[in-house]
Amino acid sequence: MPAPLRKQRTDGSLYFRPTEVEAQLTALEHLSRDEFLSRCQIRDRTHQDYVRTECLVHFMRACHRDNSEARFASLYRVLLERAARCLPRSQNTDQISSGQAEINELVLDTLNILLSCDRNEYSEKLDFFEIRFDGAMAKLRLDAQRTVWRRQNRNTSFEAEETGEIRRDVEKAIGNYNPFENAKIESRDYRSRLDAAIDTLPTLQQRIIQMLRKDVPIDSKDPYAVTISKTLGKVEKTIRLNRDKAYAVLKSILEGDQT
C-alpha cells in the first residue's frame with residue numbers, strides 16, 4: 001500500500017491522493033521495473049497503460065529509499081519531458097519570446113530544486129505533485145511569471161492600480177478569447193491543463209469560470225432565470241470584471257506570455 005502523504009491542512013488533517021491515483025499506484029507496485037519504465041514511456045493519456053504523472057512522481061520519490069540511482073535517473077528523464085510539455089511553447093521555437101523562455105526555464109529550475117531537496121530529506125512541497133501534477137505545474141508557472149515580470153519591471157497585476165479595472169493592454173490582448181472553444185476543449189490534454197489553470201484562480205473567479213463553462217448566463221432579463229450574478233450575489237459589472245481577469249490569467253498560463 002502506498003505510503004501516505006505528510007503535508008497537513010490547516011485543520012491538521014493530512015493531504016491525500018485522489019482515489020484514481022491511489023488505485024493506479026497499488027496496481028503499478030506489482031510490475032517489474034522494466035515493465036514499469038516501459039509504460040512510463042507512453043505519452044498518450046488516453047492509453048489504457050498510461051502511467052499518471054502523479055504516480056511517476058511517487059515512484060521517483062521512493063527511489064532514494066531503494067538507493068536506486070539508475071532507476072531515479074530513468075524516471076527523472078521521463079518526468080522532465082512531461083513537465084516541459086506542460087509549458088506553453090510555440091511550434092516554431094525561434095518565435096518564443098525571451099520572457100516566455102525565461103519563465104519556462106525558471107519553472108523547470110524550481111521543479112529540479114524541489115526534486116533535489118526531496119532526495120536529501122522528505123519535502124512536503126512535492127506532495128501536491130502526487131495529488132494533481134498539472135495543478136502544481138500551473139502554480140509554479142504563475143509564480144515564475146510574477147518573478148520574471150517583476151525582474152523586468154513589468155506590472156505584475158492585470159489591474160490598473162488607480163481604478164482596479166483590468167488594464168487596457170490586457171483587455172486588448174484577451175480580445176475574444178474563449179478557453180472553452182470546441183476545437184480546444186475536445187483535447188483531453190488541454191482540458192487537464194485548463195482545469196489546473198482554473199485551480200490557480202481566486203475562489204470567486206473559479207466559481208464564475210465554472211458557471212460560464214456550464215453556459216450559465218452572467219445576467220438575464222428573465223426574472224426567473226438562473227444567472228451568475230444572482231447565484232453569487234454580485235452585480236453584473238463585478239462578474240464581468242472578474243471574468244476578464246480570470247481569462248487573462250488562463251490565457252497567459254495556457255498560451256504563454258501574450259498579455
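Just above, that's the structure.
Keep in mind that what you see is a predicted model, and the values were worked out from it rather than measured.

(A) Structural context of the overall build of the protein. The helix and strand tally for the protein stands at 13 helices and 0 strands. For the protein, the N- to C-terminal ordering of α and β elements is α-α-α-α-α-α-α-α-α-α-α-α-α. When burial is assessed residue by residue, the protein has 43% of its 259 residues classed as buried. Restricting to contacts in the protein with at least 6 residues of sequence separation, those with at least 24 account for 63%.

(B) Local environment of empty space enclosed by the protein. Summed over the entire model, instances satisfying the criterion amount to 1 cavity of 30 Å³ or more. Within this model, the largest cavity holds a volume of roughly 100 Å³. The wall of the largest cavity is formed by Cys86, Asp134, Met137, Ala138, Arg141, Arg193, Ala196, Ala197, Ile253 and Leu254. For the lining of the largest cavity, the secondary-structure elements that each account for two or more residues are helix 7 (133–151), helix 10 (188–198) and helix 13 (236–255). At 4 residues, helix 7 tops the list of elements feeding residues into the lining of the largest cavity.

(C) Quick look at helix 13. The end-to-end C-alpha separation of helix 13 is 28 Å, in line with the 28 Å expected for 20 residues at 1.5 Å each. In terms of residue burial, helix 13 counts as a mostly covered element, since 14 of its 20 residues are buried.

(D) How the structure looks around helix 2 (residues 33–40). Regarding helix 2, the residues found buried are Phe36, Arg39 and Cys40. Mapping the buried residues of helix 2 onto a view down its axis gives an arc of 105 degrees, with all of them on the same face.

(E) Geometry of the packing of helix 2 against helix 4 (residues 69–85). As a packed pair, helix 2 and helix 4 sit with axes 10 Å apart at the nearest point and diverge in direction by 15 degrees. As summarised for this structure, helix 2 and helix 4 are arranged roughly parallel, according to the angle between their axes. Relative to helix 4, the crossing made by helix 2 is left-handed. Of the residues in helix 4, those touching helix 2 at Arg33, Phe36, Leu37 and Cys40 are Arg71, Ser74, Leu75, Val78 and Arg82. Within the contact of helix 2 with helix 4, the residues separate by chemical class into 5 nonpolar, 1 polar and 3 charged.

(F) Representation of the packing of aromatic side chains. Applying the stated rule across the entire model yields 4 aromatic pairs. Ring centres of Phe72 and Tyr76 lie 5.9 Å apart, and the angle between their planes is 15 degrees; this geometry places the pair in the stacked category. Taken as a pair, Phe72 and Tyr76 lie in helix 4 at a separation of 4 residues, close to a single helical turn. You can call Phe72 buried: its relative accessible area is 13%.

So, how was this worked out
Residues numbered from 1 in each chain as written. Predicted model: local features only at pLDDT ≥ 70, side-chain atom pairs only at ≥ 80, totals over all residues. Heavy atoms only, no water. Helix = DSSP H or I, 4+ residues; strand = E, 2+ residues; numbered from the N terminus. Buried < 20%, exposed > 50% of the residue type's maximum accessible area, 1.4 Å probe, protein only. Contact = heavy atoms within 4.5 Å. 1 Å grid on protein atoms, 1.4 Å probe; cavity = no way out; pocket = protein on both sides within 12 Å on 5 of 7 lines; lining within 4 Å. Points joined across faces, edges and corners; volume = space filled by probe spheres on them. Expected span 1.5 Å × (residues − 1). Arc of directions from axis to C-beta. Axes fitted to C-alpha atoms, helices over the stretch in contact; angles between N-to-C directions. Parallel < 35°, antiparallel > 145°, perpendicular 65-115°, else oblique. Left-handed = near helix turned anticlockwise from the far one by under 90°. Nonpolar A, V, L, I, M, F, W, Y, C, P; charged D, E, K, R; others polar. Phe/Tyr/Trp six-rings, centres within 6.5 Å; stacked < 30°, edge-to-face > 60°.

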